[in-house]
Amino acid sequence: MRIDRVETFLVPPRWLFCRVGTDDGVVGWGEPVVEGRAEVVRAAVDVLAEHLIGQDPLRIQDHWQVLSKGGFYRGGPVLSSAVAGLDQALWDIAGKTYGAPVHALLGGPVRDRVRVYAWVGGDEPAVLAEHIAAQIEAGFTAVKMNAAGATSPLTTPAETAAVVDRVAVAREAIGPDRDVAVDFHGRFTPASARRVLAELAPLHPLFAEEPLLPDQNHLLPALVAASPVPIATGERLYSRADFLPALTAGVAVAQPDLSHAGGITEVQRIAALAETYGALLAPHCPLGPIALAACLQIAWVTPNFLIQEQSRGIHYNKRGDLLSYMLDTEPFRFTDGHAHRTALPGLGVEVDEAAVRAADRSGHAWRNPVWRHPDGSFAEW
């Protein structure tokens, strides 16, 4: 069996899929994307595909080494995301070839179901309570919300109180037996993050996500030591080497993205590294169905797994949803806030190729917003 074709598809709302075909007719799917830079990753996939054409797809570890390290300049979100999607597709091919789910090829499951959480925005208290009630009704036992929008360099008393008030609304709505996680999204300066984390502690968030920008991770040890709230980070870290400083700083939760951090191959290594530091794994995934399918394969085999993000109903998805390109939606049927393990081969999903090709004809050009402070200066989104 040899790889004979690699294709990419820009599919709404903001995703990029790749299809790796073989001369035996076995096809693997992956999701290589940087949100807001999908076209750039598409070009990177085209370049990396030059190595794969004519090769045996089952030499996954060797391909990962060459794709990741074969260029003198390596790493970064674009290249790592291109490698990630191709890696997912190769694992999909391997599972279909051997007639087994990827988690069986990775050593077999350690659990039968995976806890997942839902997004509830968090910008408006009244709407927040309604959204949480709807997610509870749908069976979810955990939600995640934004801490704030654009935030002053040093949070004012009013801004700090507004964050606490919104999380208090969420805590009251969800109750003491369910969880609410709070996403700081790198919007706070270190001093502001420390101030807000202390105020949030009585509300017992599951974790505070990305309280610092990734280029400020050298400040994580002091923040972790000062924070009474568990710290999570990792959606903008792309390798074991990137995660090592965060783990040595004592973060409680590692959040690699299966579409950014080198795919299944690298994230399994990140999970093992996190385990040695007593950190839990909660893969970042506000993306599409192939990325989520890859995350679930990792979740089944990871002892230190915590919870899984997923994008059903997320505010980004205006022209498509998690199920839009699936022939079989059963793998994404969540009951009691959990996804349930299946024995379906490969990544365990059936992609609607006709729908994907049709969507690619219109494509998308999704870009994240650019925010500014009241004085006109740039603000972190």
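Residues numbered from 1 in each chain as written. Predicted model: local features only at pLDDT ≥ 70, side-chain atom pairs only at ≥ 80, totals over all residues. Heavy atoms only, no water.

- The name given to the chain in an unreviewed UniProt entry is D-galactonate dehydratase, and the organism recorded there is Streptomyces silvensis.

1. Let's talk about helix α6 (residues 157–174)
Step number 1: The end-to-end C-alpha distance of α6 is 26 Å, a good match for the 26 Å that 18 residues give at a rise of 1.5 Å each.
Step number 2: Of all the residues in α6, the buried ones are Thr160, Val163, Val164, Arg166, Val167, Ala170, Arg171 and Ile174. Projected down its long axis, α6 shows its buried positions confined to an angular sector of 155°, all on one face. Projecting away from the buried face of α6 at angles above 90 degrees are the exposed residues Pro157, Ala158 and Glu172.
Step number 3: If you follow the buried residues of α6, they end up packed against α5 (125–137), β5 (142–146), β6 (179–183) and α7 (190–200).
Step number 4: Once α6 finishes, Gly175 follows within two positions and takes phi at roughly 85°, a positive value. (Helix = DSSP H or I, 4+ residues; strand = E, 2+ residues; numbered from the N terminus. Expected span 1.5 Å × (residues − 1). Buried < 20%, exposed > 50% of the residue type's maximum accessible area, 1.4 Å probe, protein only. Arc of directions from axis to C-beta. Contact = heavy atoms within 4.5 Å.)

2. Topic: the UniProt feature "domain: Mandelate racemase/muconate lactonizing enzyme C-terminal" (unreviewed entry) in the chain
Step number 1: As annotated in UniProt, the feature "domain: Mandelate racemase/muconate lactonizing enzyme C-terminal" (unreviewed entry) corresponds to residues 125–230 in the numbering used here.
Step number 2: When the span residues 125–230 is considered, its composition is 46% helix and 11% strand, and the gap between its end C-alpha atoms is 23 Å. (UniProt positions renumbered as here; feature names shortened; annotations may be inferred.)

3. What about the packing of aromatic side chains?
Step number 1: Scanning the entire structure with this criterion turns up eight aromatic pairs.
Step number 2: With a centroid separation of 6.2 Å and 15° between ring planes, the pair formed by Trp15 and Phe17 is classed as stacked. Here Trp15 and Phe17 have matching classes, each one buried.
Step number 3: Consider the rings of Trp15 and Tyr325, whose centres lie 6.3 Å apart with planes at 75°: the pair is edge-to-face. (Phe/Tyr/Trp six-rings, centres within 6.5 Å; stacked < 30°, edge-to-face > 60°.)

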